[in-house]
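# A closer look at the structure
Below, each chain spelled out in residue letters.
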Amino acid sequence: MKNRWLINIILLLIVLSISLFLFLKPTQTKQTKQFEVSTFSLGDFDVVKIDFPSRASVVFKKNNDAWDMLEPIKGRADQFSVQKIISIVATSSSEKLPSNDLAKYGLDKPAVKLKLIHKGLEEEFIFGTYNSVTEDQYLLFKGSVYLISGAYSEAASTQPIELIDKSPLSRSEQIKEFDFSRLEQWQSKRLKVTRNNAEWKANEGNSFKQDEMAEWFDMTWVKNPARSVEKYPLDLRIPYKSFDIHTVGGKKITFLRVQESPETQLFRVDEGLLYHFGSDIGFTMMNPPIEQPKK
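Note that the structure is a prediction, hence the values are computed from the model and not measured.

### Observations regarding the packing of aromatic side chains
In this description, an aromatic ring pair is defined by two values, namely the gap between the centres and the angle between the planes. Tallied over the entire structure, the rule returns 15 aromatic pairs. Ring centres 4.2 Å apart and planes at 0 degrees place the aromatic pair F125 and F141 in the stacked group. Placement of the pair is F125 in strand β9 (residues 121-130) and F141 in strand β10 (residues 137-141), with a sequence separation of 16 residues. As far as burial versus exposure is concerned, F125 and F141 are alike and both buried. Between F178 and F180 the ring centres are 5.5 Å apart and the planes differ by 15 degrees, which places this aromatic pair in the stacked class.

See below:
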């Protein structure tokens, strides 16, 4: 009986010893070495060019810290989309391979070439095929082949029109006045509303509450991107109803009301772009909260 207890105690001590050893044993995590693709930062470049084998190149240029698309469409670029394309300079790879067999990685006939330019100096990123195991994509840069996420080439391959800013007004356009006097619902009132240091005023015979006017402007013109935007060869000889927006810098922006239902379509003349909005929000954009006179 004593021998059995002795054996049980010995076994318990062994189990406790093993448990204590495993608990105190330092955990060794395998760390995969990462290779930085480049040492550039996102702000180092002022021109972006994306080349494709079977379609027109896409070109962006920085203008006063904001990106514009120059080709194949001229217009304000979606800033986040351009930054997403450029962010390739900050990525890293678990692989850094020699470039002595480009065909092996599909880099002899690349699907996309991304060129980032600063003061005439060009850095070229070339995208190849996808790795069948990791589903990452091969990238050639400065004589080395890397394996990176395919999200970068996908961002660069987005259709150009989807890379255009969908906001009808840019952030740099500080609004001074809306002139709705040519729209039929406001012709009798000759409605014009003016903004000065966040304070709104209306022309004679029109009134509103400051908080309601501020909310209208913020929700319909500042935080209201269009559903979609398209380059549209509008026939300007058709007498569309229109309204003007004046900026603090003296710029006049004219919108033509092309359609009201089933969706609102506004054509910005200086850009040659047609903005598509839902009919409800489109109606609100052209109808600020003017109070009706008390009878």
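### Details of the pairing of strand β11 (residues 144-148)
Most of β11 sits inside the fold, with five of its five residues counted as buried. The two faces of β11 match: S144, Y146 and I148 on one face and V145 and L147 on the other face are all buried. Sheet analysis places strand β7 (residues 96-98) next to β11, joined by three bridges and oriented antiparallel. In the strand pairing of β11, L97 is matched with V145.

### Side note on helix α4 (residues 210-222)
All of the buried residues along α4 are M213, W216, F217, T220 and W221. For α4, the buried positions fall inside an angular range of 100 degrees around the axis, keeping them on one side. Opposite its buried face, α4 presents the exposed residues D211 and E215, each directed more than 90 degrees away. Of the surrounding elements, those touching the buried residues of α4 are β12 (175-179), β13 (192-196), β14 (199-202), β16 (241-247), β17 (252-259) and α5 (279-285).

Criteria and thresholds
- Residues numbered from 1 in each chain as written.
- Predicted model: local features only at pLDDT ≥ 70, side-chain atom pairs only at ≥ 80, totals over all residues.
- Heavy atoms only, no water.
- Phe/Tyr/Trp six-rings, centres within 6.5 Å; stacked < 30°, edge-to-face > 60°.
- Helix = DSSP H or I, 4+ residues; strand = E, 2+ residues; numbered from the N terminus.
- Buried < 20%, exposed > 50% of the residue type's maximum accessible area, 1.4 Å probe, protein only.
- Pairing = 2+ DSSP bridges.
- Arc of directions from axis to C-beta.
- Contact = heavy atoms within 4.5 Å.

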